[in-house]
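Residue-level structure breakdown
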Amino acid sequence: MRAFREAVEAGDLDAVEALLADDVVFTSPVVFKPYPGKAITAAILRGVSQVFEDFRYERELAGADGRDHALAFRARVGDRELSGCDFIHLDDDGLIDELTVMVRPLSGAQALAAAMGARFDSIAREAEARSA
């Protein structure tokens, strides 16, 4: 998904948010319960952009129907290196309706969970303000 990748790489989080469907569902690599909705997904992505260092996409894969995409990435959280993948599904309008992120190794996922956990109150407040 070129538009998403380019927006993330440019740090243009408003453009990222514009690509999200209102009913998008975000599935985190470190939390069991998915997060439904554009406001919380955008707020989480803004938080992650502050946590990941040296973020870079390395590979992009697309399904035959053009609605499923996988973007493999590398990043650092503090002193922990991690690799991961954004799995993206597009709805009938070409907007992202599913975004699932997976990361490895466990030490990287733990560092991500701790860093995002420390920010989650402000992420939730941002999402609430955006959806009001």
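Given the structure is predicted, the values throughout are model-derived calculations rather than measurements.

The rules behind each value
The written sequence of each chain sets the order in which its residues are numbered from 1. Totals for whole chains, interfaces and linings use all residues, but because this is a predicted model, local features are given only for residues with pLDDT of at least 70 and pairs of side-chain atoms are given and counted only at 80 or more. Where side-chain values are given, they derive from all heavy atoms of the structure, hydrogens and water being excluded. Relative accessibility under 20% of the residue-type maximum defines a buried residue, over 50% an exposed one, and the middle range a partly exposed one, all with a 1.4 Å probe and only protein chains included. Helix and strand assignments come from DSSP, with helices taken as H or I runs of at least 4 residues and strands as E runs of at least 2, each series counted from the N terminus. For two strands to be treated as a pair, DSSP must find at least two bridges joining them. Two aromatic rings from Phe, Tyr or Trp, using only the six-membered ring of Trp, form a pair when their centres are within 6.5 Å; if the ring planes differ by under 30 degrees the pair is stacked, by over 60 it is edge-to-face, and anything between is tilted. Contacts are assigned to residue pairs with any non-hydrogen atoms lying within 4.5 Å of each other.

Most of strand 4 (residues 68-77) sits inside the fold, with seven of its ten residues counted as buried. Sheet analysis places strand 3 (residues 53-62) next to strand 4, joined by seven bridges and oriented antiparallel. Along strand 4, the bridge assignment pairs arginine 56 with arginine 74. Between strand 3 and strand 4, which pair antiparallel in sequence order, lie five residues; one of them, glycine 66, sits at a positive phi of approximately 75 degrees. The antiparallel hairpin formed by strand 4 and strand 5 (residues 80-90) contains two residues in its connecting segment, where glycine 78 sits at a positive phi of about 60 degrees.

Now for the packing of aromatic side chains. Here the structure, examined in full by the defined rule, presents six aromatic pairs. Ring centres of phenylalanine 55 and tyrosine 57 lie 4.9 Å apart, and the angle between their planes is 85 degrees; on these two criteria the pair is classed as edge-to-face. For the pair phenylalanine 55 and phenylalanine 73, a centre-to-centre distance of 5.1 Å together with 35 degrees between the ring planes defines the contact as tilted. Placement of the pair is phenylalanine 55 in strand 3 and phenylalanine 73 in strand 4, with a sequence separation of 18 residues.

Time to look at the environment of methionine 116. In this fold, methionine 116 is placed in helix 4 (residues 106-131). When the C-alpha atoms of methionine 116 and valine 51 are compared, they prove to be 7.2 Å apart, with 65 residues separating the residues in sequence. Those residues in contact with methionine 116, other than ones at most four positions away along the chain, are Ile44, Gly47, Val48, Val51 and Ile123.

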